[in-house]
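Listed below, chain by chain, are the residues.
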Amino acid sequence: MSEKSEQTGDGGAANRRIFSGMQPSGEAHLGNYLGALRQWVKLQDDHECFFCVVDQHAITGDFSPDELPARILDLAVSFLAVGLDPEESTIFVQSDVPEHTELAWLLNAVTPVGNLERMTQYKDKSANMESIPAGLLNYPILQAADILLYRAGAVPVGEDQLQHLELTREIARKWNSRFGDLFPEPQAIRGGAGRILGLDGKAKMSKSLGNTVGILAEPPEIWDRVRTAVTDPQRVRRDDPGRPEVCNVFTLHKHFTDPELIPDIESQCRGGTRGGVDCKRILADSIDEHFQEARERAADLHARPGRIQEILEAGAQRARAEARETMNQVRERMGMTWRAAVGSGRSAAT
Ligand code: AQP
């Protein structure tokens with residue numbers, strides 16, 4: 001991502017519209033929260049936001065049709081539980097707005113396969129596959145469609161998604177130059193926490209890797225997960241000196257533990273005066289406390305399923321209205337307007 005694309009672009013400061021999505025491929029986790037959700041909540045105060053459960057993206061990885069409906073609802077509950085406000089933001093499910101896949105198909109016309117093959121996420125995810133689903137390769141086109149459909153000026157993205165956003169900008173440029181200016185080139189809004197590592201301390205925290213702590217996990221489950229977190233590998237015995245700078249548990253402390261406690265945690269780690277289990281216990285308690293209110297909101301929503309449905313239906317309705325407007329223009333400029341030719345006396349043969 002060039003510096004320019006973060007600061008300028010057709011979206012411009014005047015375009016306060018934001019789109020962002022999250023896959024219902026598992027429970028929302030600390031990485032999703034620090035890298036995305038936390039920032040979404042802040043952005044909704046002074047932007048026009050569209051936040052989407054992107055269920056059609058989830059089918060590009062392992063998924064079970066039996067589990068998907070509950071996952072979609074759970075992710076929507078997570079959105080609301082951390083503070084997304086349906087009065088301020090449009091919160092909806094991607095498959096409720098068929099224009100996402102329609103636009104994705106049309107954007108195929110201007111997307112070079114070579115660019116898709118260069119995407120790091122595609123290379124990583126397809127590396128050990130015997131047969132690669134086409135959806136995994138085409139994923140960034142659907143992502144571009146998600147954003148461009150709402151003509152969003154900006155997209156809050158984690159480090160891992162910057163490359164896909166740059167491709168979205170390129171697709172917008174190519175489409176505009178061939179069919180006429182319509183799509184803003186969306187800017188990246190960075191400010192998430194960077195790439196949060198999973199409990200293995202190596203790979204990105206990812207739903208599909210099972211190295212996560214769910215943001216709505218109950219306290220015993222939080223402890224069950226955090227207790228397995230890998231710390232500084234050089235620290236074998238309880239009183240071995242540790243290196244907080246290479247310890248993912250310490251990184252998570254910095255996000256969730258009371259800042260006043262951090263200097264002590266750091267020096268006790270370095271001096272080997274606090275054991276790893278104690279240190280993880282403090283972290284588990286901090287995470288528990290941080291999400292207590294969110295858990296209460298989630299429990300309340302689960303007790304009122306009609307309310308969740310109402311929010312998602314209203315969100316889909318608002319999203320569809322926007323999507324239809326964009327697609328009317330896209331179809332017209334791409335020539336899907338045969339009715340206009342009826343009786344016009346014009347035909348391809350004449
Ligand atoms: N570990 C992470 N650190 C920082 N940000 C993260 N995000 C995800 N994981 C981390 C951010 O969360 C947003 C939504 O991501 P997503 O669910 O659509 O897809 P993802 O990035 O592929 O998330 P996962 O958990 O890794 O899902 P799977 O395993 O299904 O692929 C994005 O803004 C992302 O940056």
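For every chain, the first residue of the written sequence is number 1, and numbering continues from 1 along that sequence. Local features in this predicted model are restricted to residues whose pLDDT is 70 or higher, and side-chain atom pairs enter the listing and the counts only when it is 80 or higher, whereas totals over whole chains, interfaces and linings include all residues. Values shown for side chains rest on all heavy atoms present in the structure; no hydrogens or waters enter the calculation.

## So, the domain arrangement of the chain
Where each domain begins and ends follows an automated or database-derived domain assignment. Per the domain assignment, the segments making up the chain are domain 1 (3-196 + 305-344) and domain 2 (219-293). Using only C-alpha atoms to locate each centre, domain 1 and domain 2 end up separated by 35 Å. Opposite the seven residues of domain 1 that make contact, domain 2 presents seven residues. The contact between domain 1 and domain 2 buries some 590 Å² in all, and 75% of this surface belongs to carbon and sulfur atoms. What counts as buried area is the accessible surface, traced by a 1.4 Å probe, that two parts surrender upon association, with contributions from both included. Among the residues of domain 1 in contact with domain 2, Leu30, Tyr33 and Leu34 are the three that bury the most area, contributing 63% of the side total. Polar contact is the term for a pair of N or O atoms within 3.5 Å; when the atoms are in protein, one must be able to donate a hydrogen and the other to accept it, and sequence-neighboring residues count only if both atoms are side-chain atoms. Between the two partners, domain 1 and domain 2, sit one residue pair in polar contact (both at pLDDT 80 or more). Looking at the side of domain 1 that touches domain 2 residue by residue, the classes come out as five nonpolar, no polar and two charged. Should any heavy atoms of two residues lie within 4.5 Å, those residues are counted as being in contact. Classification used: nonpolar for Ala, Val, Leu, Ile, Met, Phe, Trp, Tyr, Cys and Pro, charged for Asp, Glu, Lys and Arg, polar for all others including Gly.

## Re helix H5 (residues 99-107)
When H5 is considered as a whole, its buried residues turn out to be Glu99, His100, Leu103, Ala104, Leu106 and Leu107. Looking straight down H5, one finds that the buried residues subtend no more than 165° of arc, so they occupy a single side. Under the scheme used here, helices are H or I runs from DSSP no shorter than 4 residues and strands are E runs no shorter than 2 residues, and both carry numbers assigned from the N terminus. The elements touched by buried residues of H5 are strand S1 (17-22), helix H3 (55-58), strand S3 (89-93), helix H8 (134-149), helix H9 (162-179) and helix H15 (305-333). The classification of residues rests on relative accessible area computed with a 1.4 Å probe and restricted to protein chains. Under 20% of the type maximum is buried, over 50% is exposed, and intermediate values are partly exposed. Of all possible arcs, the one meant is that of the directions from the helix axis to the C-beta atoms.

## Things to note about unusual backbone geometry
Phi angles above zero are rare outside glycine, and Arg151 is one such case at about 45°. Structurally, Arg151 is set in the loop between H8 and strand S4 (154-156). In this structure Arg151 comes out as partly exposed when scored by relative accessible area, which is 22%.

## Concerning the state of the cysteines
When the sulfur atoms of two cysteines share a covalent bond, that bond is a disulfide. Here, a disulfide means two cysteine sulfur atoms that sit within 2.5 Å of each other. Scanning the model with the defined rule gives zero disulfides in all. The closest cysteine sulfur to the non-disulfide-bonded Cys52 is located on Cys49, 13 Å from its own sulfur.

## Comments concerning the environment of Asn32
Topologically, Asn32 is positioned in helix H2 (residues 30-43). With relative accessibility at 12%, the residue Asn32 sits in the buried group. Spatially, the C-alpha atom of Asn32 lies 24 Å from that of Ala314, the residues being 282 residues apart in sequence. Once residues lying within four places of it in the same chain are set aside, the contact partners of Asn32 are Met22, Glu27, Leu37 and Lys207.

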